[in-house]
Amino acid sequence: MENMTLNEDILLLEGLKVSPQSTILSFIFLLFIYIFALVSNITLVVLICTSSSLHQPMYLLFCNMSINDIFGATIVTPHVLRDIFIPQPERYIHYIDCAFQAFCVHLYAGTSHTVLMIMAFDRYVAICNPLRYATIMTHRMVLGLSVWAWATTFIGVTILIGLSVRLSRCRRVIPNPFCDNASLFNLSCESVLINNIYALGYTVVILGSSTCSVTLTYLRIAIVCLRSKNKALNSKALQTCATHLAVYVFMLASALIIITLHRFPQMSDYRKIKQIKQRIATLFHSRRVVQIK
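Nothing here was measured: the structure is a model prediction, and the numbers come from that model.

Some words on the state of the cysteines
In a disulfide, the sulfur atoms of two cysteines are covalently bonded to one another. By the definition in use, this model includes 2 disulfides. Paired by a disulfide, C98 and C179 hold their sulfur atoms 2.0 Å apart. The disulfide joining C98 to C179 has a torsion of about -115° about its S-S bond and is therefore left-handed. Of this pair, C98 sits in helix 4 (residues 95–128) while C179 sits in the loop between strand 3 (173–174) and helix 7 (181–185), placing them 81 residues apart in sequence. Of the two residues, C98 and C179, both sit in the buried class. Each disulfide pairs two cysteine sulfurs, and for C170 the partner residue is C189, the sulfurs being separated by 1.7 Å. The S-S bond linking C170 to C189 shows a torsion near 85°; that makes this disulfide right-handed. Taken as a pair, C170 in the loop between helix 6 (139–165) and strand 3 and C189 in the loop between helix 7 and helix 8 (193–227) lie far apart in primary sequence, 19 residues in all. If you count the bonded cysteines of the protein chain from the N-terminus, they pair up as 1-3, 2-4. Unpaired in terms of disulfides, C49 finds its nearest cysteine sulfur in C63, a separation of 4.5 Å.

Brief notes about helix 3 (residues 57–84)
Over its 28 residues, helix 3 runs 41 Å from end to end, which matches the ideal 40 Å to within 8%, given 1.5 Å per residue. Along its length, helix 3 reaches its greatest deviation from straightness, about 30°, at T74, and the proline P78 lies no more than four positions downstream. Of all 28 residues making up helix 3, 21 are buried, and the element is well covered by its neighbours.

Comments concerning the sheet that holds strand 2 (residues 92–94)
Within the open sheet, the 3 strands sit side by side as 2-1-3. Their pairing is mixed. This sheet does not close on itself; its edge strands, each paired only once, are strand 2 and strand 3. Bridge count between strand 1 (residues 10–13) and strand 2: 3 bridges; the pairing is antiparallel. In the sheet register, L12 faces strand 2, and the bridge partner there is Y92. Lying over the sheet, helix 4 contacts strand 1, strand 2 and strand 3, oriented at roughly 80° with respect to strand 2.

Description of the pairing of strand 1
Within a regular strand, side chains alternate between the sheet's two faces. Here strand 1 runs beside strand 3; their pairing, made up of 2 bridges, is parallel. Across the sheet, the residue bridging to L12 is V173, located in strand 3.

Some points on the UniProt feature "transmembrane region" (unreviewed entry) in the protein chain
Those places that UniProt annotates as "transmembrane region" (unreviewed entry) correspond, in this numbering, to residues 24–47, 59–80, 100–121, 142–165, 197–219 and 240–261. The distance from the first to the last C-alpha atom of residues 59–80 is 31 Å, and the span holds 100% helix and 0% strand. Helix and strand shares over residues 142–165 are 100% and 0% respectively, and the end C-alpha atoms of the span are 34 Å apart.

A word on the pattern of salt bridges
All told, the structure shown has 3 salt bridges when counted by the stated rule. Put simply, R169 and D9 hold a salt bridge, and the shortest N to O gap is 2.6 Å. Within this pair, whereas R169 is found in the loop between helix 6 and strand 3, its partner D9 is found in the loop between helix 1 (2–6) and strand 1, the two being separated by 160 residues in sequence. Of the charged contacts in the structure, one is a salt bridge between R82 and D83, with a shortest N-O distance of 2.9 Å.

As for helix 2 (residues 23–50)
With 28 residues, helix 2 should cover 40 Å at 1.5 Å per step; its first-to-last C-alpha distance of 40 Å lies within 8% of that length. Considered for burial, the residues of helix 2 that qualify are T23, S26, L30, I33, Y34, A37, L38, S40, N41, L44, V45 and I48.

Parameters and conventions
Here, residues in each chain are numbered from 1, in the same order as that chain's written sequence. Owing to the predicted nature of the model, reporting of local features is limited to residues with pLDDT of at least 70; listing and counting of side-chain atom pairs is limited to 80 or more, with chain, interface and lining totals taken over all residues. Values reported for side chains reflect all heavy atoms of the structure, with hydrogen atoms and water molecules removed beforehand. In this description, a disulfide is simply a cysteine sulfur pair whose atoms lie within 2.5 Å. The secondary structure listing takes helices from DSSP runs of H or I that are at least 4 residues long and strands from runs of E that are at least 2 residues long, numbered from the N terminus. Buried, partly exposed and exposed residues are distinguished by accessible area as a fraction of the type maximum, computed with a 1.4 Å probe on protein chains only: under 20%, between the cut-offs, and over 50%, respectively. Multiplying 1.5 Å by the residue count of a helix minus one yields the expected span of that helix. One axis fitted to the seven residues ending at a residue, another fitted to the seven starting there: the angle between these axes is the bend at that residue. Strands are labelled as partners when DSSP assigns at least two bridges between them. Throughout, a contact is declared for two residues whenever any of their heavy atoms are within 4.5 Å. Comment: axis = line fitted to C-alpha atoms, over the contacting stretch for helices; angle = value between 0 and 180 degrees taken between N-to-C directions. UniProt positions are given in the numbering used here, feature names are shortened, and annotations may be inferred rather than shown by experiment. Here a salt bridge means any side-chain nitrogen of Lys or Arg lying within 4 Å of a carboxyl oxygen belonging to Asp or Glu.

Shown next, in the form of structure tokens:
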């Protein structure tokens, strides 16, 4: 233990502050969320892959989102579950593992927004240009958009984490249940101006582009529905868009609150609670998608 304390590559992860009385209950609750999320998303992926009638753009995008949800849940939840039973002063994590987890967390978050942007575009074409839907949203188009969603986020997050990994470290405590970029560069006593500028720019690009595209898309859909006297069209638009829009709004609000709370270390406990709620939102998103099927 003394060797671990002296090793600068070993970090202390604060994790969740759970009282001894609620340890088992918290573990069971988080484990249930994790298992339910895995089962729901895996079921959806298998259903879409095995059913030829579901090999359509909308369902393939749902599959994309489910794979990302599985990835995001697996990179975080098992680690949090393990730490619940470990005393807080002994929750160690190797720096390279912390950096990898931070990379995966931001890849998951960024890809969630880019995939939701594509899903909004798909709904726009389906509702506003139904006669051209088959020619626009081809399998090749869906594949290209999916690759774009993952590749652009991958490149952006690689630079984001790379800028933090290059810094020297003078601190060893991660005040979160899991590692993220802000926690990494806050370990350094060097100037993190470049990190802050790039992180802010990256966040503005991801959230700004997704917000603008989703807002404009749904405004256009709303205009088409208001002008149309077709009740069946309006009902279809509401059914296919309501869940997507609700999930997007919740994810956007969660991202903005987490980013804001990162600027106030004294409010770290509120940030941890918000991160857990975001995982619960993913759970219910998966369940609603399965129900649609």
